[in-house]
Amino acid sequence: MVKMVLTDTLQSNSDHSRDFLAAPPAILPQPPIAAAPSPQVPLGPYQYFAALAGAAPPAPRFAGTAAPLLLGFDPVTSPQLLLGASLPSASAVDRCVLIVSNLPAETTCDRLFALFGVYGDVVRVKVLFKKNNTALIQMTDNQQADLALTNLQSVDFFGSPLSINFSRHSSITLPRPGEAVDLTRDYAGSPLHRFRLRGSKNFSHICPPSATLHVSSVLLGTAEYELHELFARYGSVVRVRFFVKDARMALVQMGSVPEAVRALVDLHGHDLSGQRLRVSFTKAVV
């Protein structure tokens, strides 16, 4: 019997490991392979809104500093796809519920709705039954939840600094029959949302809590002293000034940020002469 000996070719790779492989066949020319796209990092809240307006994303700012945003927010069209960025992970999308602790006795669902609604549309609010100094707040999406956390962390709320974190819950359930209904409120259909319209310019005016408040939906003909008397219920009023071009809007400067917070949570949606006031923090100077 004739034995045939097959000669193996010894090849060594770049890592100096050794493989015994058959002699390689002739290499045929191959079409060029397109380079794989580099992984994209999900946009943060500030880069997110800047990209919507086609501007270069600004550098993120730390909590407690002003973070002006740009126009054009539209969560429905998902501009991250248009910009080539990958979508956030499922866990990031679910992070729209905040847990807020160190709440004072004056806390109500409506007051939390008004305060957190400055930074996005609040869907539901739940004050915990067994721990009534803690509440869950569900925002429309994780970008708005992040804005609320960043701007309201440690803010003085009726004498108590807020402590805010993301909750492990992805949504807030409504009370079951027999449970306390006054501790959970659904605001999905509220007419007092500030960002319901697509591309709302209100996103460009977002800022941390300030002593100056922007008041809109004021009845034409309302006098400055009427607003002064209304807001003076919550602290000292430094000045009231109506806009020259639109007398339905005014600036009210309170004596301090805590006083402005109290005024905002009670007067957003307040009926003044048949008009529901809309109140927000502002960077404007009176």
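The structure reproduced in this document is the subject of the present report.

**Description of the overall build of the protein**
Alright, step 1. Across its full length, the protein holds seven helices and 15 strands.
Alright, step 2. When the 286 residues of the protein are sorted by exposure, 40% land in the buried category.
Alright, step 3. Once local pairs closer than 6 in sequence are excluded, the contacts in the protein between residues at least 24 apart make up 66%.

**Looking at the sheet that holds strand β12 (residues 250-254)**
Each strand in a sheet pairs with another by means of backbone hydrogen bonds, the pair being arranged parallel or else antiparallel.
Alright, step 1. Taken in spatial order, the four strands make up an open sheet running β11-β12-β10-β15, and their pairing is antiparallel. The two strands at the open ends of the sheet, each matched to only one other strand, are β11 (237-242) and β15 (278-281). For this sheet, the mean inter-axis angle between neighbouring strands, taken without regard to orientation, is 20 degrees.
Alright, step 2. Inspection of the sheet shows β11 paired to β12 by five bridges, in the antiparallel sense. Counterpart to Arg241 in the pairing with β12 is Leu251.
Alright, step 3. Set on the sheet, helix α6 (residues 224-231) makes contact with β10 (212-216), β11, β12 and β15; between it and β11 the angle comes to about 145 degrees.
Alright, step 4. Lying on the sheet, helix α7 (residues 257-267) is in contact with β10, β12 and β15; it crosses β15 at an angle near 150 degrees.

**Some remarks on the pattern of salt bridges**
Alright, step 1. If you walk through the whole model with that rule in mind, you get four salt bridges.
Alright, step 2. Across the pair Asp110 and Arg185 runs a salt bridge, and its minimum N-O distance is 3.2 Å. With Asp110 in helix α4 (residues 109-116) and Arg185 in strand β9 (residues 184-186), this residue pair connects regions lying 75 residues apart in the sequence.
Alright, step 3. For the salt bridge of Arg111 with Asp266, the shortest nitrogen-to-oxygen distance reads 2.8 Å. One end of the pair, Arg111, is in helix α4; the other, Asp266, is in helix α7, with 155 residues separating them in the sequence.

**Quick word on the packing of aromatic side chains**
Alright, step 1. Under the definition given, this model contains three aromatic pairs.
Alright, step 2. Positioned above the aromatic ring of Phe166 is the side chain of Arg95, whose terminal nitrogen or guanidinium carbon lies 4.0 Å from the ring centre.

**Things to note about the pairing of β10**
The side chains of a regular strand alternate between the sheet's two faces.
Alright, step 1. Among the five residues in β10, four count as buried, and that is most of the element.
Alright, step 2. Pairing between β10 and β12: four bridges, direction antiparallel. Looking across to β12, one finds that Leu213 is bridged to Val252.
Alright, step 3. Relative to β15, β10 is paired through four bridges, and the arrangement is antiparallel. Residue pairing for β15: His214 is matched across the bridge by Ser280.

**Quick notes on the pairing of strand β3 (residues 97-101)**
Alright, step 1. Bridging between β3 and strand β5 (residues 135-139) involves four bridges; their strand directions are antiparallel. Within the sheet, the bridge partner assigned to Leu98 lies in β5 and is Ile137.

**Details of helix α5 (residues 142-152)**
Alright, step 1. With 10 of 11 residues buried, α5 is to be regarded as a mostly interior element.
Alright, step 2. Residues of α5 that are buried: Asn142, Gln143, Gln144, Ala145, Leu147, Ala148, Leu149, Thr150, Asn151 and Leu152.
Alright, step 3. For α5, the N-terminal cap is Asp141; the gap from its side-chain oxygen to the backbone nitrogen of Gln143 is 3.0 Å.
Alright, step 4. Positive backbone phi, approximately 70 degrees, marks Ser154, located one or two places after α5.

Criteria and cut-off values
- Residues numbered from 1 in each chain as written.
- Predicted model: local features only at pLDDT ≥ 70, side-chain atom pairs only at ≥ 80, totals over all residues.
- Heavy atoms only, no water.
- Helix = DSSP H or I, 4+ residues; strand = E, 2+ residues; numbered from the N terminus.
- Buried < 20%, exposed > 50% of the residue type's maximum accessible area, 1.4 Å probe, protein only.
- Contact = heavy atoms within 4.5 Å.
- Pairing = 2+ DSSP bridges.
- Axes fitted to C-alpha atoms, helices over the stretch in contact; angles between N-to-C directions.
- Salt bridge = Lys/Arg side-chain N within 4 Å of Asp/Glu carboxyl O.
- Phe/Tyr/Trp six-rings, centres within 6.5 Å; stacked < 30°, edge-to-face > 60°.
- Lys NZ or Arg CZ within 6 Å of the ring centre and 35° of its normal.
- Polar contact = N/O pair within 3.5 Å; in protein donor to acceptor, adjacent residues only side chain to side chain.

Without other data, these values stay purely geometric and don't point to any function.
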